Amino acid sequence: MPRKEITLSRTHRTALIGCLVGLCTVAIAPLFLDTYFTNILIRTLLLAAVVMTVDILWGYTGILTFGQSAFFGIGAYACGLVFTHYGFGPGWALGGLALALGSAAVVAAGTGWLAFFHGSSPIYASIITLALPIVLTQVIYSGGSYTGSSSGLSGFPTYFWSLEVWFWIAGCFLVLTTTAGWLLVRSDFGRVLIAIRENEDRSAYLGIPVSRIKTMLMVAAAMVASVAGFAYAAFSNVVAPELAGFQLGTELLIWTALGGRATLLGPVFAAIGIDTMSSWLSGAMPFFWKLLTGIAFVGVIVALPRGLAPLISGLWNRLRPQRNAIDFEASVVKAPGTRMLQGSFGDAPPLRIVGLSRRYGSLEVLRDVNLIGKGTELLGIIGPNGAGKTTLMRCISDGKERTTGTLYINNVEIAHSSPQQVVGLGVGRSFQNTNLFETLTVSECLKLARYRIDGASLFSRSDTVALPQPSLDILQATGLDKKLSEETKNLSHGMKRGLELAMVLATEPSVLLLDEPTAGLTRPERMAIGSVLTKLTRDFGLCIVLIEHDLDFVRAISDRVVVLHQGAILMEGTVEEVVASDLVKAVYAGHKEDESA
Amino acid sequence: MGSVIFDILTTAGILFVVASGLMIILGVMKLLNFAHGAFLTAGGYAAYLTGAAGISPWFSVPLAGIVGIVFGLLVERTIIRPLYNRPLDAILATWGLGIVISQIFALTFGRGVQFAPSPLSGTIEVLGIEYSAYRLAVSAIAVLLAIALIALLSLTRFGLNARAVIVNENLARGLGIDSTRVRAITFGLGAGLACAAGALITPLLSVDPNMGLPWLVNSFMLVLISGVSFPSLLLASLVLGGTQVLISTFISPILGGMTIVVLAAMILRLNPKGFSRA
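By the naming in an unreviewed UniProt entry, chain B is Inner-membrane translocator, taken from Alcanivorax nanhaiticus. Quoted verbatim from the Subcellular location (unreviewed entry) heading of the UniProt record, the comment on chain B is "Cell inner membrane". For chain B, the Sequence similarities (unreviewed entry) comment in UniProt is given as "Belongs to the binding-protein-dependent transport system permease family. LivHM subfamily."

Looking at an unreviewed UniProt entry, one finds chain A named Branched-chain amino acid ABC transporter permease/ATP-binding protein and attributed to Alcanivorax nanhaiticus. The Subcellular location (unreviewed entry) field of the UniProt record for chain A holds the comment "Cell inner membrane".

Have a look at this one:
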C-alpha cells in the first residue's frame, strides 16, 4: 500500500518541518529582542508549554482543569527547596528535576483517582482540579520557613546563565513538547481522546478504559508542567505560592479559550501574545488590563466558542488555494485469529444470571431474574414498556447497576466491574438510540472499538483497521465499506445502526446485547440485519440477547423468548408458545392485570 | 466547650447562607455559578456602602438582595441564556464574569480591605456562655432562610414550576411551563441570595475585591455533596462546617481551612451521591 507510506510521512513531515522552523526561530530570536522582552518571554514560553497541556486535557479530552498551575508550582518548589535546603550542583539539579517529575506524577495520579471514576460528573472533576491548587497553596503557607510560607523562597543558588541560554532552553522545551503534543492529538490515540470528549459513556461501553486514560493523561500533562515550573524557578531564582495558585490556573484556561481550544497552536500563541502583553501593560494599568482580558474572555466564550484560532486559520484557508483533500483512503482488513471465531460452542453458557434484582429506592424494577443464555442462541426479550428490559441490559453491562444477584459471563463473576471491564469479559452492548461520535469518521469509530484489543499508537496514525469477520460482513451488507472516510454525522439512520452493530462486534463479544437494533429501519434493512444476526449465532457461536417490540421479527430469527412483566420473568418458551399464551395476551392487552401479577 | 458548640452552629449557619444561592441555581439551571464568589463580594461592598452612607446596617442585607436580583436578571439575559446548551462554557463565562466584577471593584475601591458596621455589636449571654450577638443573629437568619426557601419550593406556584424543571425540564416545557422564565427568575434569586449573604457576613469579616473567593470553593463542595435539597444542605453545612471548626480549634487553623474541600472530595469519591438522600 504505497498510499499509506505517503500519508504517514506527511503528518510526521509536517511535524518535523514545524519543529525545525520553531527551533530556528528560537535560535535567532534573542538577536532581535532586547533584554526586557527576552526576560519576559522566558517565563511566557515556559507557561505556553503548560497551556499546551491544558489544551490537550480540556480542548481535546474535555477535562476542564483549573489546577494545571499546581504542577507548575510543584516543579518550581522542587527546584527551590532542593537548591535552598539540600545542595546545589548538576547532581542536585537532576535529583531536583526527578523529584519534580515524581511528585507531580504522584499528585496527578491521586487527583485523577479522586476526580475520574465511572459515573463521576465532569463538574465534579472540575471542582477537584479547582480544589487542588487551593489545597496546595495552603500546604505551602503552612510550611513555615521550610517553604518560605507566603513570601516563598528566593536567593537560592542557581545557574546564572545568560538570558539567551535560558531563552533557548525555554524555547526548545516549548517547541519539542508542542511537537509531541501535536503528533499525539493527530495520532490514533488522539482520536480516542476526542471520543472520550464527545461521548464518554459510549467509549466506556466500547471497552475503552476512560478513567485510566484520563488519569494517565493528567499524569503526563503534570510532568510537562512540572518541568516548566522547575526551569522557571531555576531561571528566576524566586518561587512563591502564586506559582501554584489557582489564579494562574484559571489564567492558563483563559489563554486556552482565547486561543481556541482543540487547536493546540492557538492556545500556545495566545499564551505568548497575552502573557507578553500583560507583563508589558500591567505595569502601566494593572487592574484595567485584567478587566480587559476578563471581558474578552466572556465575549469569546459567548460569541466565539472556538476561540480566535479558527478565525485565523479560516482566513489562511481562504488566501491559500485549496489543496486536494488529503483524506487518506481508509481500509479494513480481517483481524487474525479472534476469540469470536473460536466461538463458544462449548458447554458453559456464556451468560448466566442468578437471582438478579434492581431497586431504585422503594421501586423494584427487576426482581429475582434468573436467566441462562447459551452460545449459538438468540434470546428475545419482550414485554410491555416499563417491564425492565433496558434495565436488565444495563445490569448485565455494568457491574455496579444491580442491587442483588450474581452474574456470570463465560463463567466469570462480574462482581462490581465497570462497563469497560465487562466489555473485557466479553459483553457487547448496543444502544436504543444511535449515539455515535459525530465528528469522527466511520473508520475512526471502528478503530475505537478495537482499542481494547489492538491499542492505539501514541504518535502516529494508521489507516487500516483489522476487524473480525462479522463486522466486515455488516459493513459490506450496509454499504459502509465504501464510506469509511465519511464522518458519522453524514450517515443515514440505517447506516448508523449498521455501524453501531459493526462497532459492537469489533469488540469481539461472546454475549451481544442489542436494544431494539431495528427500530426505525426499513424492511429490507431489517431483513439484512436479521440474517446477519442468525449467521452470528450459527457460525460464530455468539449468545445474542435482543430486546424487540416487533414480534414478527423476533419470530423470524429467535430461538427462545423471555417475557418480562413488571420486573419479573413471566414466561419463557418458543415464540409460538409465547404468542399463544393467554397470560401474555392479557399483559399486552393490559386487562386482567391482577391475574398476571 | 460550650463556645465550640456555638461556633459549630454559627459556622454551619453562615455556610448555609453563603451556599444557598449557589444551590438554587445549580438545582434548577444545572449551572455551577462561578460568579457566586463575585456576587458575595458585591454584597460585601453593598454593606460597606450602606454603612458609609450612614444608613442603618439592618438595611444593608435587603438592599444587597435587591441589587443582586436586578443584576442577576441582567446577567442571565446577556451571558447565561446564550450558553444554556453548553454547560461547561457557561461555567467559564460565569468565571470570566467573576473576574470582571472583582476587577471593577479593585478599580473603584482599591485593593485594600474595607469594613462594614455591624448591626449588632457586643456579646450576649446564652445558657451561661458569652457569645457574639451578631453571629447568633446570622444563624437565626440562616434557619429562617432555610424555612423560607423550603416553603418557596414546596408551597408556591414558582416552587412547583421550579421543581418540575429540576426533575425533567423537557417534560415541564411540554406541560406549558415557561422554563426560560423559571431559569431567569432562579438566576436572579440566586444572585440576590448571594449578594444578601455577602452583606450578611461582611460585618463579621471585612471586604476586599477577592473576598468571595475562599467561600466559593467551600460552597461548591457543600452544594455538590448535598444534591438539590435544602435540608441536605443544612445537614452538610452542619457536618462539614462542624468538622472544620473542630479541626481548626483543636488541631490547626490551616488544616481547618482545607477540611471542607478535602472531606467533601473524599465523601464524593466513595459515595457519588453524597448526602443527597439523607
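*Asks:* Looking at this structure, I do not really get the overall build of chain B. What am I missing?
*Replies:* Helix and strand counts for chain B stand at 11 helices and 2 strands. For chain B, the sequential pattern of α-helices and β-strands runs α-α-α-α-β-β-α-α-α-α-α-α-α. The C-alpha extent of chain B, read off along each of the three principal axes, is 55 × 45 × 35 Å. Across the 278 residues that make up chain B, the buried fraction comes to 54%.

*Asks:* Help me understand unusual backbone geometry in this model?
*Replies:* With the exception of glycine, most residues fall at negative phi, and the peptide bonds are largely trans. Residue and element names in this part refer to chain A. With phi around 70 degrees, Asn-237 is a residue other than glycine that occupies positive phi space. With a phi angle near 45 degrees, Glu-516 is a residue other than glycine that sits in the positive phi range. By the secondary structure assignment, Glu-516 is in the loop between β11 (511-515) and α22 (523-540). The class for Glu-516 is buried, based on a relative accessible area of 13%.

*Asks:* What is the right way to look at the domain arrangement of chain A in this model?
*Replies:* Bring the parts together and some accessible area is lost; that lost area is often taken as the interface size. Residues and elements named next belong to chain A. Segmentation of chain A into domains returns domain 1 (2-245) and domain 2 (342-435 + 508-596). Averaged C-alpha coordinates put domain 1 and domain 2 at centres separated by 47 Å. Here domain 1 meets domain 2 over a buried area of about 890 Å², counting both sides, of which 59% is carbon and sulfur. Considering only the side of domain 1, the residues that lose the most area to domain 2 are His-118, Arg-202 and Tyr-205, jointly responsible for 67% of the buried surface there. Counting every contact that joins domain 1 to domain 2 gives 0 salt bridges. One can count 1 residue pair in polar contact (both at pLDDT 80 or more) joining domain 1 with domain 2. Each residue belonging to the side of domain 1 that touches domain 2 can be placed in one class, and the counts come to 6 nonpolar, 3 polar and 1 charged.

Reading the values: rules and limits
- Residues numbered from 1 in each chain as written.
- Chains lettered and ligands numbered in written order.
- Predicted model: local features only at pLDDT ≥ 70, side-chain atom pairs only at ≥ 80, totals over all residues.
- Heavy atoms only, no water.
- UniProt positions renumbered as here; feature names shortened; annotations may be inferred.
- Helix = DSSP H or I, 4+ residues; strand = E, 2+ residues; numbered from the N terminus.
- Buried < 20%, exposed > 50% of the residue type's maximum accessible area, 1.4 Å probe, protein only.
- Domains from an automatic or database assignment.
- Buried area = accessible area lost by both parts, 1.4 Å probe.
- Salt bridge = Lys/Arg side-chain N within 4 Å of Asp/Glu carboxyl O.
- Polar contact = N/O pair within 3.5 Å; in protein donor to acceptor, adjacent residues only side chain to side chain.
- Nonpolar A, V, L, I, M, F, W, Y, C, P; charged D, E, K, R; others polar.

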